[in-house]
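What follows is the residue order along each chain.
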Amino acid sequence: MTAMTTSLPAGKNIEAEADKAIAKLSAAQTEIGSVILGQRNVVDLSLISILSGGHALLVGVPGLAKSLLVETLGTVLGLSEKRVQFTPDLMPADILGAEVLEESESGKRAFRFIKGPVFSQLLMADEINRASPRTQSALLQAMQEKIVTIAGAKHVLPKPFHVLATQNPIEQEGTYPLPEAQLDRFLLQIDVNFPTLDTERSILLATTGAKSAKASKAMTSKDLMAMQTLVRNLPVGEKVVNAILTLTRNARPDQTELQSVQTDVSWGPGPRAGQALMLATRAKALLDGRLSPSIDDVLELAGPVLRHRMALTFAARASGTKIDHVIDQLKDSLR
């Protein structure tokens, strides 16, 4: 995660800017909620990831409206949105674009770069683990540096740029697990679960009629970028900083004093996890209408931030230990 200049323009008042942002975010939540029923936590975590300037990995079985969520986010946030269905035969050029040789009417030949779908503000990478590692890695530079390099030439991606990738946790035949380096590029891993009975009833009634709900635009991409700058300017208390440091360092088997982490965790999160928590807690505070994060925000976001940045030992997996159980113990150490 690269360093960024985060100061607000001279004369701007953080409280005034926050009031405007909170009103627009509330309107965005309402618009998204009119289409995406019963997934408030998933919607909020997706917004937190985008407000933080990061990317998100949506993990859930098919049919839980993950694709619809990304499409709706693009509409509501005023972002240009494109979708790529990842398959084993997908090539890097299918995502990034390629140079083609063209001949003019005068007979002169020259290469022209044709942009791929990565040149959008919101890219949906559907079932990202179905593509080969070579194709998966095509997104690494784009996600981290917001540029792509084709034939030695650098091409800057649109601003803002966010990747929301989906992954099916059940069907693993013919898939390629994402490498740790790429998982670390995702700010949050968002688990998408089945809806409750009442919510599923509402979904059946709302989506099988003659008309379907449509979301409206609640802000522009310029508004969103101003909010991302605001998030980086929100103050963070010393207790929250210490809680983030304690949580991330305790998750590393060679630095922790927790016996369960020493025995069950093979590798833990790097400094990027702490950066993700710092940004995500600020974004959550703004989304909730507050000007600074709390330790409760750290505890609530610990799972989405750490879940994909830790790995269990073979013995722990064989005994049935789950990574969320280890994270719960880490959270208990802060209480």
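Owing to the predicted nature of the structure, the values given are computational and were not obtained by experimental measurement. (Residues numbered from 1 in each chain as written. Predicted model: local features only at pLDDT ≥ 70, side-chain atom pairs only at ≥ 80, totals over all residues. Heavy atoms only, no water.)

### A closer look at the overall build of the chain
Where we set the bar: For the purposes of this entry, the term helix denotes a DSSP run of H or I that reaches at least four residues, the term strand denotes a run of E that reaches at least two, and both are numbered from the N terminus. In this setup the radius of gyration rests on C-alpha atoms only. A globule is expected at 2.2 Å times the number of residues raised to 0.38. Here the accessible surface of atoms and residues is derived via Shrake-Rupley with a 1.4 Å probe, and residues count as covered only by protein chains that are part of the display. Charged residues are defined here as Lys and Arg on the positive side and Asp and Glu on the negative side; His and the ends of the chain fall outside this count. Note that the charge is assigned to NZ on lysines, CZ on arginines, CG on aspartates and CD on glutamates.
When helices and strands are tallied, the chain shows 15 helices and eleven strands. For 335 residues, the compact-globule estimate of 2.2 N^0.38 gives 20 Å, and the chain sits close to it at 21 Å. Expressed along its principal axes, the backbone C-alpha trace of the chain runs to roughly 75 × 50 × 50 Å. Of the accessible surface of the chain, which amounts to about 16400 Å², a share of 52% is contributed by carbon and sulfur atoms. For the chain, the distance from the average site of its 36 positive side-chain charges to the average site of its 35 negative ones is 5 Å.

### Quick word on the confidence of the model for the chain
Interpreting fine coordinate detail is not advised for predicted regions of low pLDDT. Our working rule: As a per-residue measure, pLDDT tells how confident the predictor is, with possible values from 0 to 100. The contact definition used throughout considers only heavy atoms, calling two residues in contact when any of these lie within 4.5 Å.
Of all residues in the chain, 95% attain a pLDDT of 70 or more, and the chain-wide mean is 88. When mean pLDDT is compared element by element in the chain, helix α12 (residues 271-287) scores highest at 95, while strand β3 (residues 97-103) scores lowest at 82. For the stretch residues 1-6, pLDDT sits under 50, and the model shows eleven contacts to residues farther than four places along the chain or on other chains.

### A few points about the environment of V231
Mapped onto the elements, V231 comes out in helix α9 (residues 221-233). Sequence separation between V231 and I95 is 136 residues, and the spatial gap between their C-alpha atoms is 30 Å. Look past the residues within four positions of V231 in its chain and what remains in contact with it is L51, L279, R282, A283 and L286.

### Here's the deal with the packing of helix α13 (residues 295-306) against helix α15 (residues 323-332)
What counts is decided by this rule: To get an axis, a line is fitted to the C-alpha atoms, and for a helix only the part in contact is used. The angle between two axes follows their N-to-C directions and goes from 0 to 180 degrees. The handedness criterion is simple: a crossing whose near helix is rotated anticlockwise from the far helix by less than a right angle is left-handed, and one whose near helix is rotated clockwise is right-handed. Here the nonpolar group is Ala, Val, Leu, Ile, Met, Phe, Trp, Tyr, Cys and Pro; Asp, Glu, Lys and Arg are the charged ones; every other residue, Gly included, is treated as polar.
Two elements in contact, α13 and α15, have axes separated by 10 Å at closest approach and are oriented at 145°. You can see that α13 and α15 cross each other, and the crossing is right-handed. Contact with α13, carried on its side by L299, A302, G303 and L306, involves I327, L330 and K331 of α15 and no other residues of that element. Taken together, the residues that form the contact of α13 with α15 break down as five nonpolar, one polar and one charged.

### Re the packing of aromatic side chains
The condition that has to hold: Two rings from Phe, Tyr or Trp (for Trp, the six-membered ring) form a pair when their centres are within 6.5 Å of each other. A pair whose planes differ by under 30 degrees is stacked, one over 60 is edge-to-face, and the rest are tilted. Burial classes: relative accessible area under 20% of the type maximum marks a residue as buried, over 50% as exposed, and values in between as partly exposed (1.4 Å probe, protein chains only).
This structure, assessed with the given rule, holds one aromatic pair. Between F113 and F119 the ring centres are 5.8 Å apart and the planes differ by 70°, which places this aromatic pair in the edge-to-face class. Across this residue pair, the class does not change: F113 and F119 are buried.

### Describing the sheet that holds strand β1 (residues 56-59)
For clarity, the threshold we go by: Strand pairing is defined by DSSP finding a minimum of two bridges between the two strands.
The strand order β2-β5-β8-β1-β9 describes an open sheet built from five strands, whose pairing is parallel. Strand pairing shows two members of the sheet lacking a second neighbour, β2 (81-85) and β9 (188-191), which therefore form its edges. Sheet twist, expressed as the mean angle between neighbouring strand axes with direction ignored, is 20°. By the bridge criterion, four bridges tie β1 to β9 in an arrangement that is parallel. Bridge pairing links L57 to Q189 in β9. Across the face of the sheet, helix α3 (residues 66-77) comes into contact with β1, β2, β5 (122-126) and β8 (162-167) while running at roughly 175° to β5.

### Observations concerning helix α2 (residues 40-51)
Definition in use: One less than the residue count of a helix, multiplied by 1.5 Å, gives the span that helix is expected to have.
In this model α2 runs 16 Å from its N-terminal to its C-terminal C-alpha over twelve residues, within 8% of the 16 Å that 1.5 Å per residue would give. Counting buried positions along α2 yields ten of twelve residues, so the element is predominantly enclosed. Residues V42, V43, D44, L45, S46, L47, I48, S49, I50 and L51 constitute the buried set of α2.

### Section: the nonpolar core
In plain terms, the rule: To qualify as a nonpolar core, a set must consist of buried Ala, Val, Leu, Ile, Met, Phe, Trp, Tyr and Cys residues joined through side-chain atoms within 4.5 Å.
L73, L77 and M310 are the most contacted members of the largest nonpolar core, which totals 62 residues. Core analysis: the next-biggest nonpolar cluster, separate from the first, contains 27 residues, L96, L123, A142 and L178 among them.

### What about the side chain of D184?
Topologically, D184 is positioned in the loop between α7 (180-183) and β9. Assessed through its relative accessible area of 17%, D184 is described here as buried. Each residue touching D184, except ones within four places of it in the same chain, is listed here: R272 and R309.

### A word on the pairing of strand β4 (residues 109-115)
A regular strand carries its side chains on alternate faces of the sheet. Here β3 pairs with β4 via seven bridges, running antiparallel. Following the sheet pairing, E99 is matched in β4 by F113. A loop of five residues connects β3 with β4, the two strands running antiparallel in sequence, and G107 in this loop sits at a positive phi of about 95°.

### What to know about the pattern of salt bridges
We count it as follows: By definition, a salt bridge exists where a carboxyl oxygen of Asp or Glu is found within 4 Å of a side-chain nitrogen of Lys or Arg.
Taken as a whole, this structure holds 16 salt bridges when the rule is applied. K284 is the salt-bridge partner of D297, the closest N and O atoms lying 3.4 Å from each other. Of the two residues, D297 is situated in helix α13 and K284 in helix α12; the sequence distance between them amounts to 13 residues. Per residue, the accessibility class of D297 equals that of K284, and both read buried.

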